[in-house]
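So you can see what is in the structure, the chains are spelled out below.
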Amino acid sequence: MRAIVSIITPIFNSARFIKSTIKSVLAQTYENWEMIIIDDASTDGSYEIVKSFSITDERIQFIKLDLNQGSAFARNEGIKKASGRYIAFLDSDDLWMPKKLEKQLEFMDDHKTPFSFTAYQKIEENGKYRGQVNINKMQIGYSDLLKTNHIGCLTAMIDTKLLGGKLYMPLIEKRHDHGLWLSILKQGHTAYGLNEILAAYRC
């Protein structure tokens with residue numbers, strides 16, 4: 001049986017885009033996934049949109065927080081609930097290309113790596129193309145990441161089996177994803193980059 005990928009998606013007042021984000025996961029060619037959506041006390045109807053998807057597809061799970069505690073806390077709540085060997089991250093306004101999971105899992109297996117990321121494109125709020133972020137260095141170590149964050153959160157995937165278990169994001173307001181990447185690479189692991197655009201970052 002193919003391994004489960006747990007997709008962690010925090011939301012906060014995300015009604016405008018969350019439907020498109022969920023649909024990009026439903027369109028994945030790799031179908032053995034669970035999407036854990038954590039509502040960080042939204043007030044705009046996000047809850048109702050996500051609830052409608054979770055009713056029709058049992059792979060979509062929903063956690064509703066009573067108090068707004070920030071995206072790092074929300075992501076960690078999702079990681080706690082995750083049952084998959086692999087954990088991937090997708091924010092509530094971003095998108096994945098249909099073969100994102102399939103190609104990235106194959107890439108990780110080929111390179112026997114516990115940590116990978118991909119190239120991605122940037123889009124405006126209306127979906128208009130704004131450029132792309134390619135991968136200039138295929139292998140990223142701890143010292144490389146100290147200089148700048150080369151890894152887009154929406155493209156990252158980690159293998160908890162090869163890492164020896166789950167790891168969590170530091171509870172800081174900004175750059176908590178960077179903090180998690182650093183903690184992984186500090187253990188001596190290498191992050192491998194797949195230079196193919198498999199996601200779209202809304203900015």
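Refer to the preceding data block for the structure.
Since this is a predicted model, take the numbers as computed values, not measurements. (Residues numbered from 1 in each chain as written. Predicted model: local features only at pLDDT ≥ 70, side-chain atom pairs only at ≥ 80, totals over all residues. Heavy atoms only, no water.)

(A) View of the overall build of the protein. Per the secondary structure count, the protein includes 7 helices and 10 strands. A globule of 203 residues ought to have a C-alpha radius of gyration of about 17 Å, and the protein, at 16 Å, matches this closely. Out of the 203 residues in the protein, the part that is buried amounts to 52%. Restricting to contacts in the protein with at least 6 residues of sequence separation, those with at least 24 account for 81%. For the protein, the exposed area adds up to about 9,800 Å²; of that, 48% sits on carbon and sulfur atoms. The averaged location of the 24 negative side-chain charges in the protein is 3 Å from the averaged location of its 26 positive side-chain charges. (Helix = DSSP H or I, 4+ residues; strand = E, 2+ residues; numbered from the N terminus. Rg over C-alpha atoms; globule rule 2.2 N^0.38 Å. Buried < 20%, exposed > 50% of the residue type's maximum accessible area, 1.4 Å probe, protein only. Contact = heavy atoms within 4.5 Å. Areas by Shrake-Rupley, 256 points an atom, 1.4 Å probe, with all protein chains shown as cover. Lys, Arg positive; Asp, Glu negative; His and termini not counted. Charge placed at Lys NZ, Arg CZ, Asp CG, Glu CD.)

(B) Main features of the packing of aromatic side chains. By the definition in use, this model includes 4 aromatic pairs. Note on Tyr47 and Phe62: the rings are 5.2 Å apart at their centroids and 45° apart in plane angle, and the pair reads as tilted. Here Tyr47, found in helix α2 (residues 46–56), pairs with Phe62, found in strand β3 (residues 60–64); they are 15 residues apart in sequence, far enough to count as distant. Relative accessible area serves as the criterion here: at 17%, Phe62 is assigned to the buried category. (Phe/Tyr/Trp six-rings, centres within 6.5 Å; stacked < 30°, edge-to-face > 60°.)

(C) Structural detail: the environment of Ser92. Note that Ser92 resides in the loop between β4 (86–89) and β5 (95–96). Residue Ser92 is classed as buried on the basis of its relative accessible area, which comes to 12%. For the pair Ser92 and Asp40, spaced 52 residues apart in sequence, the C-alpha to C-alpha distance is 12 Å. If near-sequence neighbours (up to four positions away) are discounted, Ser92 is found in contact with Thr9, Pro10, Ile11, Ser14, Phe17, Ile18 and Thr21.

(D) Spatial organisation of the environment of Lys100. For Lys100, the location among the structural elements is in helix α4 (residues 100–111). Placed 41 residues apart in sequence, Lys100 and Gly141 show a C-alpha to C-alpha distance of 23 Å. Ignoring any residue separated from it by four or fewer positions in sequence, one finds Lys100 in contact with Gln28, Leu154, Thr155, Ala156, Met157 and Leu198. Looking at Lys100, its side chain comes within polar contact range of the side chain of Gln104, at 2.7 Å. In this structure the side chain of Lys100 is engaged in a polar contact, spanning 3.4 Å, whose partner is the backbone oxygen of Thr155. (Polar contact = N/O pair within 3.5 Å; in protein donor to acceptor, adjacent residues only side chain to side chain.)

(E) Main features of the side chain of Arg202. Note on placement: Arg202 falls in strand β10 (residues 191–202). With no salt bridge to any partner, buried Arg202 finds its closest opposite charge in Asp93, at an N-O distance of 5.1 Å. Within the structure, the side chain of Arg202 is placed 2.7 Å from the backbone oxygen of Asp93, a separation counted as a polar contact. (Salt bridge = Lys/Arg side-chain N within 4 Å of Asp/Glu carboxyl O.)

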